[in-house]
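Remarks on the overall topology
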Amino acid sequence: MGCIFDLDGVIVDTAKYHFQAWKQLANDLGFDFSEADNEKLKGVSRAESLNLILGWGGVQVSEAEKLHLMEKKNRVYLDLINEMNPSEILPGVAEFLEHLTQNQIAIALGSASKNAEIILEKVELKHYFQVLIDGNKVSKSKPDPEVFLKGAEGLGLAPENCIVFEDAEKGLEAAKAGGFYAIGVGDPAVLFEADYCIQNFEGQDIHDLFNKVKKA
Ligand code: BG6
Ligand code: MG
């Protein structure tokens, strides 16, 4: 059995840093966007996020300028995540990773972020992961299942023997498209694609969770 984790919104709450960095970029370009709009960027790759944001501002730029804007946003984001520490791990996550390790459950990361490894190092959780698949290792974004399929392949497990943990609708779609069990972390009304939803990882038991998704 294996577990594959999304990073942003599941292990740490980095959405606020992505929001701050993108907002600064939008403001520099002369427009703004709301925190509600930011919800639409969850699980979406850097390039696709930029396209959405430019669309909201009605701004058109060349492909070369897009690369420049993505670099600019990422510099601001890197400055923000550079300050991260283990206090930013979401409730119960560190204990759950330890519980999985004690129960010999394989662990992989399946994240769209190109900064995933730095973040795991900052919050001191990297050593729990046997396999890290991030935005540098995939060519297709969620809802394509590539990131999770590569994670399962790295663990040497079939998708039907893995649970994916996701906070974003696109991520859950990707998990289901790949033939994985999918657990939503957050509001079940929003995460309706999930086989089962949890509010957070506090007190969760992997054998209970496997039983719940198998019955779904
Ligand atoms: C996802 C986030 O995990 O990673 C998105 O939910 C983000 O908001 C994407 O755009 C890419 O992240 P990065 O760190 O490569 O810019
Ligand atoms: Mg996420």
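Coordinates for the structure precede this section.
Quick caveat, the model's predicted, so the values are computed rather than measured. (Residues numbered from 1 in each chain as written. Chains lettered and ligands numbered in written order. Predicted model: local features only at pLDDT ≥ 70, side-chain atom pairs only at ≥ 80, totals over all residues. Heavy atoms only, no water.)

**Looking at the layout of surface pockets**
The gaps of empty space that remain are located by a probe, the size of a water molecule, rolled over the atoms. To be explicit about the condition: Think of a 1 Å grid over just the protein atoms. A cavity is a set of points where a 1.4 Å probe fits yet cannot get out, a pocket is an open set with protein on both sides within 12 Å along at least five of seven lines, and lining residues have an atom within 4 Å of a point. Grid points are joined across faces, edges and corners, and a volume is the space filled by probe spheres set on the points. Every helix listed is a DSSP run of H or I at least four residues long, and every strand listed is a run of E at least two residues long, numbered separately from the N terminus. Three categories are distinguished: nonpolar for Ala, Val, Leu, Ile, Met, Phe, Trp, Tyr, Cys and Pro, charged for Asp, Glu, Lys and Arg, and polar for the others, with Gly belonging to the last. Domain extents, as shown, originate in an automatic or database domain assignment.
Put simply, the largest pocket is a space of about 570 Å³. Among the secondary structure elements, those contributing two or more residues to the lining of the largest pocket are helix H1 (15-28), helix H3 (46-57) and helix H4 (63-81). With 4 residues, the single largest contributor to the lining of the largest pocket is H4. For the lining of the largest pocket, a count of residues per class yields 11 nonpolar, 13 polar and 9 charged. Two domains each provide a minimum of three residues to the lining of the largest pocket, namely domain 1 (2-13 + 87-215) and domain 2 (15-81). By volume, the second largest pocket is sized at about 490 Å³. In this structure, the second largest pocket is lined by 24 residues; those nearest its centre are Glu39, Lys42, Asp167, Ala168 and Val185.

**Focus on the side chain of Lys142**
Definition in use: Only protein chains enter the area calculation, which uses a 1.4 Å probe; residues under 20% of their type maximum are buried, those over 50% are exposed, and those in between are partly exposed. Whenever two N or O atoms come within 3.5 Å, that pair is a polar contact, provided that in protein one can donate a hydrogen and the other can accept it, and provided that, for residues adjacent in sequence, both atoms are side-chain atoms. Every residue pair with non-hydrogen atoms within 4.5 Å of one another is taken to be in contact.
Position of Lys142 among the secondary structure elements: in the loop between strand S3 (131-133) and helix H7 (146-155). Under the relative-accessibility criterion, Lys142 is labelled buried at 3%. Separated by 2.7 Å, the side chains of Lys142 and Glu166 make a polar contact. Ignoring any residue separated from it by four or fewer positions in sequence, one finds Lys142 in contact with Asp6, Gly43, Gly110, Ser111, Ala112, Val147, Phe148, Glu166, Lys170, Gly171 and Ala174.

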